[in-house]
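Reading the structure
Read off the chains here:
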Amino acid sequence: RAKARGKNCYEIYDQGLTTAAVHSFHLEQDLRVALKERQLVLHFQPQFNLKDTHLCGLEVLVRWQHPVKGLLPPGQFIDLAEETNLIVPMGWQIIEMACEQILMWQEMQLMVPPVAINISPQQLLEADFLEHINEILARYGITRSQFELEITESLIMQDPDYAIAQLHALREAGYRLALDDFGTGYSSLNRLKHLPLDRLKIDYSFTRDIGKNPRDEAIITTVIALGKSLNIEVLAEGVETQAQYDFLRAQGCDSVQGFMLGRPVPRHELELSRIA
Ligand code: C2E
Ligand code: MG
Ligand code: MG
Ligand code: MG
């Protein structure tokens, strides 16, 4: 009996796997088409300086305008793109699209703050990453300090020495660097000391519990102090309430991003000021 049940379980499990595999196979084909037909769409989320409340950055967040499924958030395709290595050509397409957009805003005499782009480890670890990104920016005539590259701790975990060398080369070339989702990975403070960062982004999971969990508040306070002593700006992600905003401001956090201040929106919904 136990054996029979075991066999059934196995079949169900096996069938489940097959369905998932077929699903991701179709999605992978769709994703290849998406790149070719340029179905990716960029949304932008504003970042604000807490001292003077000025717009101090825009984070690029990709979406996929799927012909059948509608507008898909990155949570539904980035993992697959990473597994299939499609993230590399996709990442280059996103960088090109961001350049096109920056150029268009500049031509409209709009003030463009630094634009932050999420870079997957696979893309950043490509041997010619620096050369390739330099070439694209040069082609559009965009300065490197206009770009902030957001990386995660998982990049450092994969190949620490190489990753750190790449980051130093990028920083020396003039790119801004931010460590995204800070606090959710496993990189040691010892390693942080060696990273040439402009900014630390405190993960949403800490911001969320401000006013609810004193431990999260203690962690945030500590990260802000750490940023100050290492001379790295600190931005808190996922600010949704006035109480969170007030806490972060009182603690001396440099900047914030979150639904309370602005959701990720397509370019025509953004309000950028004109160059005076
Ligand atoms: P992330 O880089 O940490 O981006 C922040 C995510 O938090 C975004 O989700 C954003 O919409 C969401 N968010 C912003 N403010 C709030 C808030 O107040 N409350 C809550 N609950 N959420 C907030 P999104 O756009 O779904 O992106 C998810 C993740 O997908 C990103 O996390 C990033 O890791 C990845 N991603 C997005 N765009 C790209 C891209 O162009 N390339 C790569 N490689 N990854 C990307
Ligand atoms: Mg990010
Ligand atoms: Mg983040
Ligand atoms: Mg996050």
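Residues numbered from 1 in each chain as written. Chains lettered and ligands numbered in written order. Predicted model: local features only at pLDDT ≥ 70, side-chain atom pairs only at ≥ 80, totals over all residues. Heavy atoms only, no water.

The name an unreviewed UniProt entry assigns to the chain is EAL domain-containing protein, from the organism Nitrincola tapanii.

1. Observations concerning the site of ligand 1
Going by this rule: Only a single heavy atom is needed: when it lies within 4 Å of a molecule or strand, its residue is near that molecule or strand. For this analysis, a polar contact is any N or O atom pair within 3.5 Å, provided that within protein one partner can donate a hydrogen and the other can accept it, and provided that sequence-adjacent residues contribute only side-chain to side-chain pairs. Accessible surface is estimated by sampling points in the Shrake-Rupley manner with a 1.4 Å probe; for residues, cover comes only from the protein chains shown. Strands are runs of DSSP state E lasting at least 2 residues, helices are runs of H or I lasting at least 4, and numbering of each runs from the N terminus. Residue classes follow a fixed rule: Ala, Val, Leu, Ile, Met, Phe, Trp, Tyr, Cys and Pro count as nonpolar, while Asp, Glu, Lys and Arg count as charged, and any other residue, Gly among them, counts as polar.
Surveying the vicinity of ligand 1 reveals 22 residues, the closest of which are Arg63, Asn118, Asp180, Glu240 and Phe259. Between aspartate 181 and ligand 1, the recorded distance is 3.0 Å, taken from a side-chain N or O atom to an oxygen atom. A total of 800 Å² of accessible area belongs to ligand 1 in isolation, and the protein chains cover 79% of it. Only strand 2 (55–66), helix 3 (87–107) and strand 6 (176–182) provide two or more residues apiece to the shell around ligand 1. Sorting elements by how many residues they give to the shell around ligand 1 places strand 2 first, with 4 residues. Of the residues in the shell around ligand 1, the class split is 10 nonpolar, 5 polar and 7 charged.

2. Overview of the nonpolar core
Counted only if it meets this: Residues enter a nonpolar core if they are buried and are Ala, Val, Leu, Ile, Met, Phe, Trp, Tyr or Cys, with the set joined through side-chain atoms within 4.5 Å. Only protein chains enter the accessibility calculation, which uses a 1.4 Å probe. A residue is then buried if its area is under 20% of the maximum for its type, exposed if over 50%, and partly exposed in between.
Ile133, Phe147 and Leu248 are the most contacted members of the largest nonpolar core, which totals 78 residues. Per-element tally for this core: the top contributor is helix 3, with 11 residues.

3. Observations concerning the confidence of the model for the chain
When pLDDT is low, close inspection of the predicted coordinates is not appropriate. Note the cut-off: The pLDDT score gives, residue by residue, the confidence of the prediction method on a 0 to 100 scale. Two residues qualify as a contact provided that any one of their heavy atoms is within 4.5 Å of a heavy atom in the partner residue.
Here the chain averages 92 in pLDDT, and 93% of its residues register 70 or above. Residue range residues 1–7 is modelled with pLDDT below 50. Its contacts to residues more than four positions away, or to other chains, number 0 contacts.

4. Details of the environment of aspartate 181
Assignment of secondary structure puts aspartate 181 in strand 6. In the structure, aspartate 181 is positioned 126 residues away from leucine 55 in sequence and 21 Å away in space, judged by C-alpha atoms. For aspartate 181, the contacting residues outside a window of four places in its chain are Thr152, Glu153, Lys201, Asp203 and Glu237.

5. Section: the packing of helix 3 against helix 5 (residues 129–140)
Using the following cut-off: Angles run from 0 to 180 degrees between N-to-C directions of axes, and those axes are lines fitted to C-alpha atoms, restricted for helices to the stretch in contact. Any angle from 65 to 115 degrees is called roughly perpendicular, while one under 35 is roughly parallel, one over 145 is roughly antiparallel, and all others are oblique. Two helices cross in a left-handed way if the nearer one is turned anticlockwise from the farther one by less than a right angle. They cross in a right-handed way if the turn is clockwise.
Two numbers describe how helix 3 lies on helix 5: the axes approach to 10 Å, and their chain directions differ by 25°. It follows from the interaxial angle that helix 3 and helix 5 lie roughly parallel. For the element pair helix 3 and helix 5, the recorded crossing hand is right-handed. Along the contact surface, helix 3 presents Trp92, Ile95, Glu96, Cys99, Glu100 and Leu103, while helix 5 presents Phe129, His132, Ile133, Ile136, Leu137, Arg139 and Tyr140.

6. What about the coordination of the magnesium ion (ligand 2)?
For a metal with four donors in a tetrahedral arrangement, the ideal angle between donors is 109.5 degrees, while six donors in an octahedron ideally sit at 90 or 180 degrees. Counted only if it meets this: Note: metal donors comprise N, O and S atoms at 2.8 Å or less from the metal (3.2 Å for Na, K and Ca); water molecules are not included, so apparent gaps in a site are possible.
The protein atoms that coordinate the magnesium ion (ligand 2) are Glu59 (OE), Asn118 (OD1), Glu150 (OE) and Asp180 (OD), at distances of 2.0 to 2.2 Å. Between the two metals, the magnesium ion (ligand 2) and the magnesium ion (ligand 3), the spacing is 4.0 Å, and aspartate 180 donates to both. Placement of asparagine 118 in strand 4 (residues 115–118) and of aspartate 180 in strand 6 is noted, with a sequence separation of 62 residues between them.

7. Comments concerning the state of the cysteines
Stated precisely, the cut-off is as follows: For this text, the term disulfide refers to a pair of cysteine sulfurs within 2.5 Å.
One pass over the structure, following the stated rule, counts 0 disulfides. Sulfur of cysteine 56: no disulfide; nearest cysteine sulfur belongs to cysteine 253 and is 10 Å away.

8. What to know about the environment of serine 188
The topology assignment puts serine 188 in the loop between strand 6 and helix 8 (189–192). Residues serine 188 and glutamate 153, spaced 35 residues apart in sequence, show a C-alpha to C-alpha distance of 9.5 Å.

9. Re the pattern of salt bridges
As a reminder, the rule being used: The working definition used for a salt bridge is a side-chain nitrogen of Lys or Arg within 4 Å of a carboxyl oxygen of Asp or Glu.
For the coordinates displayed, the defined rule picks out 10 salt bridges. The salt bridge involving glutamate 148 is made with arginine 176; its shortest N-O contact spans 2.8 Å. Placement of glutamate 148 in strand 5 (residues 147–151) and of arginine 176 in strand 6 is noted, with a sequence separation of 28 residues between them. Classification of glutamate 148 by relative accessible area gives buried; the value is 2%. A cluster of three or more residues bridged by salt bridges with shared partners is formed by Glu59, Glu150, Lys201 and Glu237.

10. Some words on the packing of helix 5 against helix 7 (residues 160–172)
Here helix 5 crosses helix 7 at 25°, and the two axes come no closer than 10 Å. Relative to helix 7, the element helix 5 is oriented roughly parallel. By crossing handedness, the relation of helix 5 to helix 7 is classed as right-handed. Contacts between helix 5 and helix 7 involve Phe129, Leu130 and Ile133 from the first element and Gln166, Ala169 and Leu170 from the second. Of the residues that constitute the contact of helix 5 with helix 7, the class distribution is 5 nonpolar, 1 polar and no charged.

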